[in-house]
Amino acid sequence: MAKKELHVLVAEQKILNRIYVIRNQKIMLDKDLAEMYRVETKRLNEQVKRNINRFPKDFMFTLSQKEYENLKSQNATSSWGGRRKLPNAFTEQGVAMLSSILNSDVAIEVNIRIIRVFTKLREYALTHKEILLQLAKLEKEVKGNSKDIENIFMVLKELIEKQSKPAQPRNKIGFKNYD
């Protein structure tokens, strides 16, 4: 059982390493998806072209030259070889749609894993957002209380200063004996 769990964790980590953020969207590239589905990138893109109606712009888009160059520089790819066309980027919905056009068992299994990773990322982002909101709320409360805390410290300092000064002789009160 431990071996299977380790295998799943490694597979999920490989998927996480292939998710990029471009145009404020989490995407996966056609090359990475094709490798994971064990098909050629060319074949994956052919299937997408045949079923282009299933892939609106919010499911799939082609990277611009600048985005592709930026991505290449982040990943330190080699300068020889390369692609003739700019890669397609698939959002979470686009990856889900790929499962309807790729019918192999491997594609279905990989697709399920990818969707689970995207779901975990979304859950993590929501949890992270909740934590940030709570921290902001605490910060506001502390800022609101900071004036009160400053006043308390000022009063405490005054009390300490009064205690540290030598006491002035006090007039005695009560019955006075005049002998």
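It should be noted that the structure appears before, not after, this text.
All values derive from a computational prediction rather than experimental measurement.

About the cut-offs
- Residues numbered from 1 in each chain as written.
- Predicted model: local features only at pLDDT ≥ 70, side-chain atom pairs only at ≥ 80, totals over all residues.
- Heavy atoms only, no water.
- Buried < 20%, exposed > 50% of the residue type's maximum accessible area, 1.4 Å probe, protein only.
- Helix = DSSP H or I, 4+ residues; strand = E, 2+ residues; numbered from the N terminus.
- Arc of directions from axis to C-beta.
- Contact = heavy atoms within 4.5 Å.
- Core = buried A, V, L, I, M, F, W, Y, C linked by side-chain atoms within 4.5 Å.
- Pairing = 2+ DSSP bridges.
- Axes fitted to C-alpha atoms, helices over the stretch in contact; angles between N-to-C directions.
- Parallel < 35°, antiparallel > 145°, perpendicular 65-115°, else oblique.
- Nonpolar A, V, L, I, M, F, W, Y, C, P; charged D, E, K, R; others polar.
- Phe/Tyr/Trp six-rings, centres within 6.5 Å; stacked < 30°, edge-to-face > 60°.
- Patch = residues over 30% accessible without salt bridge, like charges linked within 9 Å, V, L, I, M, F, W, Y side chains within 5 Å.
- Areas by Shrake-Rupley, 256 points an atom, 1.4 Å probe, with all protein chains shown as cover.
- Salt bridge = Lys/Arg side-chain N within 4 Å of Asp/Glu carboxyl O.

Caption draft 1: Spotlight on helix 3 (residues 41-50). Burial in helix 3 covers these residues: Leu44, Asn45 and Val48. Along helix 3, the residues classed as buried sweep out an arc of 95 degrees about the axis, all on the same side. For helix 3, exposure combined with an orientation more than 90 degrees from the buried face picks out Lys42, Lys49 and Arg50. Close packing links the buried residues of helix 3 with helix 2 (30-37), strand 3 (60-62), strand 4 (88-90) and helix 5 (92-101).

Caption draft 2: The side chain of Glu92, seen in detail. Its place among the elements puts Glu92 in helix 5. What makes Glu92 buried here is its relative accessible area of 18%. In contact with Glu92, not counting residues within four places along its chain, are Lys26, Ile115, Phe118, Thr119 and Arg122.

Caption draft 3: Just the nonpolar core, in detail. Counting residues in each nonpolar core, the largest one holds 22 residues, and the members touching the most others are Met28, Tyr37, Phe90, Leu98 and Ile114. Taken together, the elements giving at least two residues each to this core come down to helix 2, helix 3, helix 5 and helix 6 (105-164). Here this core takes five residues from helix 6, the largest share from any one element. Discounting chain neighbours no more than four positions away, the residues touching Met28 are Ile15, Arg18, Ile19, Leu33, Met36, Asn88, Ala89, Phe90, Val95, Ile114 and Phe118. Formed by nine residues, the second largest nonpolar core is a distinct cluster that contains Ile22, Phe61, Tyr68 and Leu71.

Caption draft 4: Geometry of the sheet that holds strand 2 (residues 25-29). As summarised here, the arrangement of the four strands in space is 1-2-4-3, forming an open sheet in which the pairing is antiparallel. Across the chains shown, the open sheet's two edge strands, defined by having one partner strand only, are strand 1 (20-22) and strand 3. Averaged over neighbouring strand pairs, the angle between their axes works out to 45 degrees when direction is ignored. Alignment of strand 3 against strand 4, held across three bridges, turns out to be antiparallel. Within strand 4, the residue paired with Thr62 across the bridge is Asn88.

Caption draft 5: Examining the packing of helix 2 against helix 3 more closely. Look at helix 2 against helix 3: their axes get within 8 Å of each other, and the N-to-C directions meet at 105 degrees. In terms of axis orientation, helix 2 runs roughly perpendicular to helix 3. Of the residues in helix 3, those touching helix 2 at Asp30, Lys31, Ala34 and Tyr37 are Thr41, Leu44 and Asn45. By residue class, the composition of the contact of helix 2 with helix 3 is three nonpolar, two polar and two charged.

Caption draft 6: Layout of the packing of aromatic side chains. A full pass over the atoms with the stated rule returns one aromatic pair. Ring geometry for Phe55 versus Phe90: centroids 5.9 Å apart, planes at 80 degrees, classification edge-to-face. Taken together, the residues span a long stretch of sequence, with Phe55 in the loop between helix 3 and strand 3 and Phe90 in strand 4 at a distance of 35 residues. Assessed through its relative accessible area of 0%, Phe90 is described here as buried.

Caption draft 7: Spatial organisation of a nonpolar patch on the surface. Side chains of Ile149, Ile152, Phe153, Val155, Leu156, Leu159 and Ile160 sit close together on the surface and give an oily, nonpolar patch of about 670 Å² of accessible area. Position of Phe153 among the secondary structure elements: in helix 6.

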